[in-house]
Amino acid sequence: MYSKEDLQELKLKAILYLQSKTGMYSGYQECSVIYRNKSSSYFNHIMKRGRRGGNGIMATYIKDNNGDPQCPINNNLDGLFFSCNTDFDTGMPPEHSPFGEKRLCIDAYEMLFADDHKMYFSDFYCFDHGKKTHYVTIVVTSLGTYADEFCQQHLGKNLNPTNNPFIFCCQVSNTVHVSCGVWVEILFTDDVDIRYLMQQELAYFEDCESTGYSKPNGLPKNAYCHHCNLEDSDYSDTESCSDSDDSDNYYSWR
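Calculation notes
Along each chain, residues carry numbers from 1 onward, in the same order as the chain's sequence is written. Side-chain atom pairs in this predicted model are given and counted only at pLDDT of 80 or more, local residue features only at pLDDT of at least 70, and totals for whole chains, interfaces and linings cover all residues. Hydrogens are left out, water is left out, and the side-chain values use all remaining heavy atoms of the structure. Only protein chains enter the accessibility calculation, which uses a 1.4 Å probe; a residue whose area is less than 20% of its type maximum is buried, one above 50% is exposed, and one in between is partly exposed. Secondary structure elements are taken from DSSP: a helix is a run of H or I of four residues or more, a strand is a run of E of two residues or more, and numbering for both begins at the N terminus. Here, a strand pair is defined by DSSP locating no fewer than two bridges between the strands. Geometry of aromatic contacts follows a simple scheme: Phe, Tyr and Trp rings, the Trp one being its six-membered ring, pair when their centres are within 6.5 Å, and the pair is stacked under 30 degrees between planes, edge-to-face over 60, tilted otherwise. Each axis is a line fitted through C-alpha atoms, taken for helices only over the stretch in contact, and angles between the N-to-C directions span 0 to 180 degrees. We define a polar contact as two N or O atoms separated by no more than 3.5 Å, with the added condition that, inside protein, one atom must be a possible hydrogen donor and the other a possible acceptor, whereas residues neighbouring each other in sequence contribute only through side-chain atom pairs. The contact criterion used is simple: two residues touch if any of their non-hydrogen atoms lie within 4.5 Å. The criterion for a disulfide is a pair of cysteine sulfur atoms lying within 2.5 Å. In a helix, the anticipated span is given by 1.5 Å times the number of residues less one. Arc definition: directions from the helix axis to the C-beta atoms.

As a further point, take the pairing of strand E2 (residues 33-38). Of all the 6 residues making up E2, 6 are buried; the element is thus mostly covered by neighbouring parts of the structure. Where burial is concerned, the two faces of E2 agree: the one with Val33, Tyr35 and Asn37 and the one with Ile34, Arg36 and Lys38 are both buried. Pairing analysis gives 6 bridges linking E2 to strand E7 (residues 102-107), with the strands arranged antiparallel. Bridging from a neighbouring strand, Tyr35 pairs with Cys105 of E7.

Here is the structure:
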């Protein structure tokens, strides 16, 4: 398992990677919602009332082995994954989803930047798919929770919510901005009351075209990329993955 010092080095590699990006991949895009794609049956069960349903509460569950196998949060933290990045042309979530045909969208500013929320960098990785997409995992915790204590102990200093390279807010305009150079994944460590958020007009469902579903236990990172592997790691590399600016590669499996 990575130490806090290892994660600091991995975060610096992620920042260097962002600094190497050019064109449309070098800046930031406004992110009005964070979104979670799953099957209709998944959300139907959550929204069902009674003992056999979730009564609108989307409960966290254990983080799998997706990404770097030495990431400290793997099999140690409960959470829910959300995506942030949007289509360059529309500014909205992409039309297609590799995780299911139903999408839950939640106001990004209200969800991520509450006064008692903290953000931690936890992973930087890519997959061996012949595509250039890199991913950064940000953990969002509530102050004083087990998840927050775990992150303080194992992930190090939390990110500045208004000034960090991955995702940040502007408190003047109440807007959220996410990097175009990596795919930012949010692991939200609290249960989510969907019904309450919908009543407050902070969340809604929409349909999307599904290209697949989540893989059980996740996928391991690409061991042959010099951008996102530590040199002294058992998962170190000898090659680099492609960095072509083919926009079709931007939305790939996380």
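Having seen the structure, we can now continue with the description.
On to the pairing of strand E11 (residues 175-179), then. In terms of burial, E11 is a largely internal element, 5 of the 5 residues being buried. What you see with E11 is no split at all: Thr175, His177 and Ser179 on one side and Val176 and Val178 on the other are buried throughout. Strand direction decides the pairing type here: strand E1 (residues 28-30) and E11, joined by 3 bridges, are antiparallel. Residue pairing in the sheet places Gln29 in a bridge with Val178 of E11. Relative to E11, strand E10 (residues 167-170) runs antiparallel, the two being bridged by 4 bridges. Across the sheet, residue Cys169 finds its bridge partner in E11, namely Val176. In this antiparallel pair of consecutive strands, E10 and E11, the connection spans 4 residues, and Asn174 shows a positive phi of 55°.

Right, let's talk about the packing of aromatic side chains for a bit. Scanning the model with the defined rule gives 12 aromatic pairs in all. Centroid distance Tyr28 to Phe168: 5.3 Å. Interplanar angle 70°. Geometry classified as edge-to-face. Taken together, the positions of Tyr28 in strand E1 and Phe168 in strand E10 put the pair 140 residues apart, joining distant regions of the chain. Classification of Tyr28 by relative accessible area gives partly exposed; the value is 41%. Phe168 gets classed as buried once you look at its relative accessible area, which sits at 19%. A ring pair is formed by Phe82 and Phe188, whose centres lie 6.5 Å apart and whose planes are at 85°; its orientation type is edge-to-face. In this pair, Phe82 sits in strand E5 (residues 78-83) while Phe188 sits in strand E12 (residues 183-188), placing the two residues 106 residues apart along the sequence. Taking relative accessible area as the criterion, Phe82 reaches 0% and is therefore assigned buried. The rings of Tyr42, Phe43 and Phe205 are connected pair by pair, giving a single aromatic cluster.

Here we come to the sheet that holds E10. On the basis of which strands lie adjacent, the open sheet formed by 3 strands has the order E1-E11-E10 and antiparallel pairing. The two strands at the open ends of the sheet, each matched to only one other strand, are E1 and E10. The average angle at which neighbouring strand axes cross in this sheet is 30°, direction not considered.

Here the focus is the side chain of His177. For His177, the position within the fold is in strand E11. For His177, the side chain forms a polar contact with the side chain of Thr175, separated by 2.9 Å. Excluding residues within four positions of it along the chain, His177 makes contact with Tyr28, Gln29, Glu30, Phe166, Ile167, Phe168 and Cys170.

This paragraph deals with the state of the cysteines. By the definition in use, this model includes 0 disulfides. As a non-bridged cysteine, Cys170 has Cys169 as the owner of its nearest cysteine sulfur, 7.5 Å distant. Looking at the unpaired Cys228, the closest cysteine sulfur is the one in Cys126, lying at 3.7 Å. On the accessibility criterion, Cys228 (0% relative accessible area) is buried.

Our focus in this paragraph is helix H1 (residues 4-19). Between its terminal C-alpha atoms H1 stretches 23 Å, which fits the 22 Å expected from 16 residues at 1.5 Å a residue. Among all positions of H1, only Leu7, Leu10, Lys11, Lys13, Ala14, Tyr17 and Leu18 are buried. The arc that holds every buried residue of H1, seen down its axis, measures 155°, which confines them to one face. Those residues of H1 that are exposed and angled more than 90 degrees off the buried face are Glu5, Leu16 and Gln19.

To continue, consider helix H4 (residues 146-154). Turning to H4, its buried residues number three or more, namely Ala147, Asp148, Phe150, Cys151 and His154. Each buried residue of H4 sits inside an arc of 160° when the element is viewed along its axis, so together they form one side. In this structure, H4 carries Tyr146 and Gln153 as exposed residues pointing more than 90 degrees from its buried face. Packed against the buried residues of H4 are H1, strand E8 (117-126) and strand E9 (134-142).

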